[in-house]
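This is what each chain is made of:
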Number of protein chains: 2
Amino acid sequence: MFDEAKHLRIPGPSPVPPSVQRESSRPMVAHRSSDFMNLAKQCINDLKEVFQTNGQIAILTGSGTAAMESAVANLISPQDTALVLSGGKFGERWTELVKAYKGNPTVISIPYGQGVDVKQVEQVLQSRPDIKVVFATQNESSTAVMNDIEGIAAVTKAHDAILVVDAVSGLGGIPLYMDAWGVDVVVTGSQKCLMLPPGLSFVAANEKAINRMKANQSPRYYFNLAAYFDDVLPYTPNVALFYGLRESLRLIKEEGLENSYKRHRLMRDMVRAGIKAMGLPLFVDEESASLTVTAVSGVEGLDVEAFRKLVEKKCGVILASGQGEMKGKIFRIGHMGYATPLDMLATLAAIEVGLILSGFSVTPGIGVKAAEEVWVNAN
Amino acid sequence: MFDEAKHLRIPGPSPVPPSVQRESSRPMVAHRSSDFMNLAKQCINDLKEVFQTNGQIAILTGSGTAAMESAVANLISPQDTALVLSGGKFGERWTELVKAYKGNPTVISIPYGQGVDVKQVEQVLQSRPDIKVVFATQNESSTAVMNDIEGIAAVTKAHDAILVVDAVSGLGGIPLYMDAWGVDVVVTGSQKCLMLPPGLSFVAANEKAINRMKANQSPRYYFNLAAYFDDVLPYTPNVALFYGLRESLRLIKEEGLENSYKRHRLMRDMVRAGIKAMGLPLFVDEESASLTVTAVSGVEGLDVEAFRKLVEKKCGVILASGQGEMKGKIFRIGHMGYATPLDMLATLAAIEVGLILSGFSVTPGIGVKAAEEVWVNAN
């Protein structure tokens, strides 16, 4: 109908608030001016609250993968052993990055759709004093699984290893208390719960991690985090998005981080209740279900990809497909960042209409009803 | 939650498409340049399609009331008799305007919530050859009533009077075939089905009307329509909104006018089905129910104004109150311009949640279900 009226319900990029769009369209300024440096420092200050850390924060002009690579480039020297907790595309990316930097990845491979078994991590760490870094994923958006970072941090603390967490698709929406839990490094991107367009990414590191980085032997320049920790803006930053970042951090502060976590949990619970009521199988069990994205399994007689396209064309809601081998087997619903409980009702209604138009038997309104009940009960 | 994520479901101003917003934020230009004159002429050309006329079109920088006043100022001389078909706030505005220009209004007063009785108009016209102008309202947004303009035009044709139609809250969404039906003057505003911010208004007139205007004795300068018909841009226009207008006219052409009428009818039918299913009374009968706004009557035990505020605060949907004596007795749901069937499902869901949180007994999802069925059946 109207192209720009479509609801972007994918696990990032997520919708950008109009005020963030407006701020991001300010005229360019000299990024070496003191005004801009002050803006960057203010952003870093506010980011510390979001990361829940008193450590250092680097703002990179790059994607979430750039931030992940910078963590590896600064912590993995050739031949270093790393433990990767991998249950999907983004766990696999850690493994690829460790290999790219000539490290030796030991992988705990978790079946798609399941969360990390903390006990298993503990056992591996106890038997492997050579592990230098543990790479984990807070929110595996490819399978819509949320991992127990608090538990992983607790068992890693007993070991000498550094814990690095990919929180790209969760930070700001899923609780992560970096300092309190003892996570050493956290990376995230701009285009998820931080409600910005893609283009910036972030690395937070505590003192222990920063000390390790100093001794690291891997070649790095743009990704040398020390340059960012020391100089804030070592290379030309994405000026426009820094203005947007200041505004999105203002919005996060205005809502309150704990309220944001609550809102994400409510949206997750509404979507799951609605999907269940429609008779569609949820791909992930309650205990590991992500707060920011929900994966729905296909069923007999439903062509998932054709259904997704129909929901976009007829109802104006863009759902995400499965990635890699999951394509055609699941579809995913993003509920991260600039999204509201009402958006979830609209999304469920669109799914209902889409199912009916796909010839799939579902009672109209049944999912919306279940989700409304969750919302009402949360009030 | 997020202020700018609220759904504006009032009968204007209506939501503005992002591409129209972007176009409206272009840098200022000299409005006397040939480029800008060409843009204005292109807009007038495209507007003729929307008005369904080969007559002349004036683009005023002003509100819908400005366009209404210009019609009166150019067609009513002191002591002229006018017939006003009045069934709400905007019919009453015609009467006030005729009085302001020292004309004599004869008013057919229609009870709130009902449409004009064409037979009655015919009878009055037959007995009153002194009537110079008939003033009608296509869409009385204050009561959510749509009038039979085709019928009114048919009975006015037999008379010497000029027919002036206020189509402020309908043009582009509700069928109006100006030339084919024989409507002499049509006025509208930018902020309704034309999907622009408020700030521009439009008057279309045929030859018969333009000839009458030449003999008119009322004082007028900014509202002298001949100046606009002759010079297009006689005074400084709202430059930004002309860029927006070009884009909104492009969007209307892209959708197609007949498709826009169909979409508005579908949204109307969905909303009415949903409201009915919730057990709330519709203020207007099917035959006179507006395609662009729906009025819902209050019921015993529901504080309409408190309910409206709660729906905005808790669900993020802004509904309209009743105007004047209707305040507290009805609430209104706008579905005009940049709005989709999915928006209607979200609005109905918000109303359901709002009713429940107001302590009003309603089955969650029941209205959404009914509206989904209407949508599915329209496919």
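Below is a summary of the structure that appears in this document. (Residues numbered from 1 in each chain as written. Chains lettered and ligands numbered in written order. Predicted model: local features only at pLDDT ≥ 70, side-chain atom pairs only at ≥ 80, totals over all residues. Heavy atoms only, no water.)

Structural notes on the packing of helix α14 (residues 366–378) of chain A against helix α13 (residues 341–357) of chain B
Packing of α14(A) against α13(B) brings their axes to within 10 Å, and their N-to-C directions diverge by 40°. On the basis of the axis angle, α14(A) is oblique to α13(B). Handedness of the α14(A)/α13(B) crossing: right-handed. Between α14(A), through A:Val368, A:Glu372, A:Trp375 and A:Val376, and α13(B), the contact on the second element is made entirely by B:Ala349, B:Glu352, B:Val353, B:Ile356 and B:Leu357. Residue composition of the contact of α14(A) with α13(B), grouped by class: seven nonpolar, no polar and two charged. (Axes fitted to C-alpha atoms, helices over the stretch in contact; angles between N-to-C directions. Helix = DSSP H or I, 4+ residues; strand = E, 2+ residues; numbered from the N terminus. Parallel < 35°, antiparallel > 145°, perpendicular 65-115°, else oblique. Left-handed = near helix turned anticlockwise from the far one by under 90°. Contact = heavy atoms within 4.5 Å. Nonpolar A, V, L, I, M, F, W, Y, C, P; charged D, E, K, R; others polar.)

Looking at helix α12 (residues 304–315) of chain B
Residue and element names in this part refer to chain B. Here α12 is 12 residues long and its end C-alpha atoms lie 16 Å apart, about the 16 Å a rise of 1.5 Å per residue gives. Here α12 has its buried residues at Val 304, Glu 305, Phe 307, Arg 308, Val 311 and Cys 315. Along α12, the residues classed as buried sweep out an arc of 165° about the axis, all on the same side. For α12, the exposed residues set more than 90 degrees away from the buried face come down to Lys 309 and Lys 313. One side-chain oxygen of the residue at the start of α12 lies 3.2 Å from the amide nitrogen of Glu 305, identifying that residue as Asp 303. Gly 316, located one to two residues past α12, shows a positive phi value of around 75°. (Expected span 1.5 Å × (residues − 1). Buried < 20%, exposed > 50% of the residue type's maximum accessible area, 1.4 Å probe, protein only. Arc of directions from axis to C-beta. Polar contact = N/O pair within 3.5 Å; in protein donor to acceptor, adjacent residues only side chain to side chain.)

Considering the layout of surface pockets
By volume, the largest pocket amounts to about 1700 Å³. Forming the boundary of the largest pocket are 40 residues, of which A:Glu4, A:Pro18, B:Glu4, B:Val16 and B:Pro18 lie nearest the centre. Those elements that place two or more of their residues in the lining of the largest pocket are β1 (7–9) and α1 (18–24) of chain A together with β1 (7–9) and α1 (18–24) of chain B. Ranked by residues supplied to the lining of the largest pocket, first place goes to α1(A) with four residues. By residue class, the composition of the lining of the largest pocket is 19 nonpolar, nine polar and 12 charged. Of the voids in this model, the second largest pocket is the one considered here, and its volume is about 470 Å³. Looking at the second largest pocket, it is lined by 15 residues, and the ones nearest its centre are A:Met1, B:Glu255, B:Asn259, B:Arg263 and B:Leu266. Residue assignment for the lining of the second largest pocket shows that the elements contributing at least two residues are α12 (304–315) of chain A together with α10 (239–255), α11 (257–277) and α14 (366–378) of chain B. Ranked by the residues each element gives to the lining of the second largest pocket, the list is headed by α11(B), at four residues. Along the lines of polarity and charge, the residues of the lining of the second largest pocket split into seven nonpolar, two polar and six charged. (1 Å grid on protein atoms, 1.4 Å probe; cavity = no way out; pocket = protein on both sides within 12 Å on 5 of 7 lines; lining within 4 Å. Points joined across faces, edges and corners; volume = space filled by probe spheres on them.)

Side note on helix α3 (residues 64–75) of chain A
All names here are of chain A. The first and last C-alpha atoms of α3 sit 17 Å apart over 12 residues, in line with the 16 Å expected at 1.5 Å per residue. Of the positions making up α3, those classed as buried are Gly 64, Ala 66, Ala 67, Met 68, Ser 70, Ala 71, Val 72, Ala 73, Asn 74 and Leu 75. With a side-chain oxygen lying 3.2 Å from the backbone nitrogen of Thr 65, the N-terminal cap of α3 falls on Ser 63.

Quick notes on the sheet that holds strand β13 (residues 330–334) of chain A
All names here are of chain A. Pairing is mixed across the open sheet formed by four strands, whose spatial order is β1-β12-β13-β11. Only two strands of the sheet have a single partner each, and these edge strands are β1 and β11 (293–297). Across the sheet, the mean angle from the axis of one strand to that of its neighbour is 30°, orientation sign disregarded. Pairing between β11 and β13: five bridges, direction antiparallel. In the strand pairing of β13, Ser 297 is matched with Ile 330. Contacts from α12 reach β12 (317–321) and β13 within the one sheet, and its direction differs from that of β12 by about 160°. (Pairing = 2+ DSSP bridges.)

A look at the pattern of salt bridges
Residue and element names in this part refer to chain A. For the coordinates displayed, the defined rule picks out 32 salt bridges over all chains. Linking Arg 250 and Glu 254 is a salt bridge whose minimum nitrogen-to-oxygen distance equals 3.0 Å. Of this pair, Arg 250 and Glu 254 both sit in helix α10 (residues 239–255), four residues apart, roughly one helical turn. Note on Arg 250: relative accessible area 41%, which makes it partly exposed. One network of salt bridges, with partners in common, ties together Asp 3, Lys 6 and Glu 312. (Salt bridge = Lys/Arg side-chain N within 4 Å of Asp/Glu carboxyl O.)

A closer look at the side chain of B:Thr294
All names here are of chain B. Position of Thr 294 relative to the elements: it lies in strand β11 (residues 293–297). Within the structure, the side chain of Thr 294 is placed 2.7 Å from the side chain of His 335, a separation counted as a polar contact. Filtering out sequence-adjacent residues up to four positions away, Thr 294 remains in contact with Ala 144, Arg 268, Val 271, Arg 272, Leu 282, Phe 331, Arg 332, Ile 333 and His 335.

Here we look at unusual backbone geometry
Put simply, A:Gly12 and A:Pro13 share a cis peptide bond, and its omega is -5°. Looking at the element boundaries, A:Pro13 is found in the loop between β1 and α1. Not every positive phi belongs to a glycine, and A:Val232 is a case in point at roughly 65°. In this structure, B:Gln79 takes a positive phi of about 80° despite not being glycine. Relative to the assigned elements, B:Gln79 resides in the loop between α3 (64–75) and β3 (81–86). Using a relative accessible area of 57% as the deciding quantity, one classes B:Gln79 as exposed.

Quick word on the sheet that holds strand β2 (residues 56–61) of chain A
Each strand in a sheet pairs with another by means of backbone hydrogen bonds, the pair being arranged parallel or else antiparallel. Residue and element names in this part refer to chain A. Reading across from one edge, β2-β10-β9-β8-β5-β3-β4 is the order of the seven strands in this open sheet, with mixed pairing throughout. Two strands bound the open sheet, and with one partner strand each, they are β2 and β4 (104–109). Averaged over all neighbouring strand pairs, the angle between strand axes comes to 20°, with direction disregarded. For strand β8 (residues 162–166) and strand β9 (residues 185–189), the ladder comprises three bridges, and the chain directions are parallel. Within β9, the position partnered with Val 164 by the bridge is Val 185. Relative to the sheet, helix α4 (residues 89–100) contacts β3 (81–86), β4, β5 (131–137), β8 and β9, its axis offset from that of β3 by approximately 165°. Each of β2, β5, β8, β9 and β10 (200–205) touches helix α8 (residues 207–214); the most contacted strand, β10, lies at about 100° to it.

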